[in-house]
Amino acid sequence: DFRQANNAMNFLVGAFKQPCTISIHFADAKTRKQATIKKENGQTALVPLFQSQENIAGEVWIDPLPGKRIEHLGVKIELLGQIVRELDFPGEILDRKVYPFEFSTVEMPYESYNGVHAKLRYVLKATVGRSFPSNIVAFQDFWVCNVSSTPEINNSIKMEVGIEDCLHIEFEYSKSKYHLKDVVIGKIYFLLVRIKIKHMELEIRRRESTGSGPNTYAETETLAKFELMDGAPVRGESIPIRLFLSPYDLTPTYRNVNNKFSVKYFLNLVLVDEEDRRYFKQQEITMYRLE
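Numbering of residues starts from 1 in every chain and runs along the sequence as written. Predicted model: local features are reported for residues with pLDDT of at least 70 only, side-chain atom pairs are reported and counted for 80 or more only, and whole-chain, interface and lining totals are derived from all residues. The side-chain values count all of the structure's non-hydrogen atoms but skip hydrogen atoms and water molecules.

J.: Could you give an account of the overall build of the protein chain, naming the residues involved and the relevant values?
T.: The numbering of helices and of strands both runs from the N terminus, where a helix is a DSSP run of H or I of at least 4 residues and a strand a run of E of at least 2. A tally of helices and strands in the protein chain yields one helix and 23 strands. For 291 residues, the compact-globule formula gives about 19 Å, and the C-alpha radius of gyration of the protein chain, at 28 Å, lies well above that figure. With the principal axes as the frame, the protein chain shows a C-alpha extent of 85 × 55 × 35 Å. For the protein chain, the proportion of its 291 residues judged to be buried stands at 40%. Long-range pairs, those at least 24 residues apart, make up 64% of the contacts in the protein chain between residues at least 6 apart in sequence. Counting every atom, the protein chain has about 17200 Å² of accessible surface; 48% of that belongs to carbon and sulfur. Taken over C-alpha atoms, the radius of gyration is set against a globule rule of 2.2 Å times the number of residues to the power 0.38. For the exposure calls, accessible area comes from a 1.4 Å probe over protein chains only, and a residue counts as buried if that area is under 20% of its type's maximum, exposed if over 50%, partly exposed in between. Contacts are residue-level and defined by heavy atoms, with any inter-residue pair within 4.5 Å sufficient. All accessible-area figures derive from a Shrake-Rupley calculation using a 1.4 Å probe, and residue coverage is judged against the displayed protein chains alone.

Right under this line is the structure:
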């Protein structure tokens, strides 16, 4: 009885085991730039890098296992969420079969994004349709980066902040829009100092918002801390700011992508007094990709 049960189990496993391997290959994989992405398990992987309006072309390979015959209801390739291409009519596959595909000048207006709660993925999905036991599928991610032109209008940021009769400072950043490899240049001017400031730093913060209306959930990450001053300032002192953005893992600003999520960036000026009380002023900036 045990042997019969074991044979039955082996039969079931064999029945549901995929009779072929299916894989997706990009036509220009050897020459195309690649992006490093972080997978769900924390490991990194290299995937092809595309821009909007590019052609996405390649081949789907279907390799039956030795001695296996695949009866199918059709083969198709999908750019998930956008386009479906039928590659084959119902039939049989006995040996390796290669299906070329191409999606021409694909509109991909949003950049790929891999955040804390929000992810924007571009995925190819190849399917061998079967009535039983189930379809055979393969997935292939790729990454999209879109270049922007330099903004025509890029105003400076200038503000005065303070605590009445204790602290009054003026800060200025040379512009409000920055590309990912840019430099934040500015200055802090102390107009009134009656509290003992221990040090001052500038933070880069990213706020990722998902959902909408009352169901909006926001997650804020501090991506960088840059010390501007160590020690007490005096009235009339001016502290320069020069913060290079290229070392940090930044993305462009995303504004309400498909009503699903937004990503905003902020410069957060933090002052700490000798009793470790923190005073801060946050200012939104816009990030964009120049190259």
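Resuming the write-up.
J.: Describe the packing of aromatic side chains, listing the residues and the values that go with them.
T.: The relative placement of two aromatic rings is captured by the distance of their centres and the angle of their planes. Any Phe, Tyr or Trp ring, taking Trp's six-membered ring, that has another such ring centre within 6.5 Å forms a pair; planes under 30 degrees apart are called stacked, those over 60 apart edge-to-face, and the others tilted. Overall, the coordinates contain nine aromatic pairs when judged by the stated rule. A ring pair is formed by Phe-50 and Phe-142, whose centres lie 5.1 Å apart and whose planes are at 70°; its orientation type is edge-to-face. Placement of Phe-50 in strand β3 (residues 44-50) and of Phe-142 in strand β13 (residues 136-144) is noted, with a sequence separation of 92 residues between them. For the pair Phe-50 and Phe-142, one class covers both residues: buried. Relative to Phe-261, the ring of Tyr-113 lies with its centre 5.5 Å away and its plane at 15°, an arrangement referred to as stacked. Residue Tyr-113 is found in strand β10 (residues 113-114), and its partner Phe-261 is found in strand β22 (residues 261-273); the two are separated by 148 residues along the sequence. Taken as a pair, Tyr-113 and Phe-261 share a single burial class, namely buried. Clustering of aromatic rings is evident, with ring pairs tying together Phe-26, Phe-50, Tyr-122 and Phe-142.

J.: Can you explain the sheet that holds strand β4 (residues 56-64)? Please cite residues and give values.
T.: One requirement defines pairing of two strands: DSSP has to find at least two bridges between them. What the three strands build is an open sheet, ordered β1-β4-β9; its pairing is antiparallel. Here the strands that pair on one side only, and so sit at the sheet edges, are β1 (20-26) and β9 (97-103). Direction aside, neighbouring strands of the sheet carry axes that sit 20° apart on average. Pairing between β4 and β9: seven bridges, direction antiparallel. Its bridge partner being in β9, Glu-59 is matched across the sheet by Pro-100. Think of each axis as a best-fit line through the C-alpha atoms, taken over the contacting stretch in the case of a helix, with angles from 0 to 180 degrees between the N-to-C directions.

J.: Run through the sheet that holds strand β15 (residues 167-173), naming residues and quoting values.
T.: The strands making up a sheet associate through hydrogen bonds between their backbones, and the pairing can be parallel or antiparallel. Strand order across the open sheet formed by four strands is β14-β15-β17-β20, with antiparallel pairing between neighbours. The sheet terminates laterally at β14 (157-163) and β20 (238-244), the two strands that pair on one side only. Taking each pair of neighbouring strands and ignoring which way they run, the sheet shows an average axis angle of 20°. Alignment of β15 against strand β17 (residues 183-193), held across seven bridges, turns out to be antiparallel. Along β17, the bridge assignment pairs Phe-171 with Ile-188.

J.: I'd love a proper account of the pattern of salt bridges, names of residues and values included.
T.: For salt bridges, the criterion is a side-chain nitrogen of Lys or Arg within 4 Å of an Asp or Glu carboxyl oxygen. Taken as a whole and judged by the stated rule, the model has 16 salt bridges. Of the charged contacts, one joins Arg-32 and Glu-54 as a salt bridge, the two residues approaching to 3.1 Å between their closest N and O atoms. One end of the pair, Arg-32, is in the loop between β1 and β2 (34-38); the other, Glu-54, is in the loop between β3 and β4, and 22 residues separate them in sequence. The exposure class of Arg-32 is buried, given its relative accessible area of 16%. Lys-97 serves as the salt-bridge partner of Asp-88, at 3.3 Å between the closest nitrogen and oxygen. Within the structure, one salt-bridge network assembled from shared partners comprises Asp-28, Arg-32 and Glu-54.

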